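Residues per chain are reported as follows:
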Amino acid sequence: MPKYKIVHDKEGCIGCGACAANCSANWEMKGGKSSPKKKEITDKELDCNMNAAQGCPVNVIHIKDEKGKQLI
Ligand code: SF4
């Protein structure tokens, strides 16, 4: 069961590609901006997506847990 929600502020994305490099399992580049393949992820997928969020130079990737608490 997916537990975490990805919130991506696409407008603020500068298209650097870091998230796709850090977590290709869930991030891809499309039309000059990144896009998450899945917006709801499981425990197993959390680390990879946290790496993507932490590596974003403009902090436009956020992850919330099932209670809505923002992890990043
Ligand atoms: S790391 Fe951030 S700015 Fe770079 S492509 Fe991903 S979301 Fe966009």
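Residues numbered from 1 in each chain as written. Predicted model: local features only at pLDDT ≥ 70, side-chain atom pairs only at ≥ 80, totals over all residues.

1. With respect to the overall build of the protein chain
Here comes step 1: Across its full length, the protein chain holds 2 helices and 5 strands.
Here comes step 2: Along its sequence from the N terminus, the protein chain presents helices and strands in the succession β-α-β-β-β-α-β.
Here comes step 3: Whereas a compact globule of 72 residues would reach a radius of gyration of roughly 11 Å, the protein chain reaches 11 Å, a difference of no more than 12%.
Here comes step 4: Principal-axis analysis of the C-alpha atoms places the extent of the protein chain at approximately 30 × 20 × 15 Å.
Here comes step 5: Out of the 72 residues in the protein chain, the part that is buried amounts to 18%.
Here comes step 6: In the protein chain, once contacts between residues fewer than 6 apart in sequence are set aside, the share between residues at least 24 apart is 53%. (Helix = DSSP H or I, 4+ residues; strand = E, 2+ residues; numbered from the N terminus. Rg over C-alpha atoms; globule rule 2.2 N^0.38 Å. Buried ≥ 20, exposed ≤ 12 C-beta atoms within 10 Å, placed from the backbone. Contact = placed C-beta atoms within 7 Å.)

2. Let's talk about the site of the ligand
Here comes step 1: Taken together, 13 residues are adjacent to the ligand, and Cys-13, Cys-16, Cys-19, Ser-34 and Cys-56 come closest.
Here comes step 2: Split by residue class, the shell around the ligand holds 9 nonpolar, 4 polar and no charged. (Near = placed C-beta within 6 Å. Nonpolar A, V, L, I, M, F, W, Y, C, P; charged D, E, K, R; others polar.)

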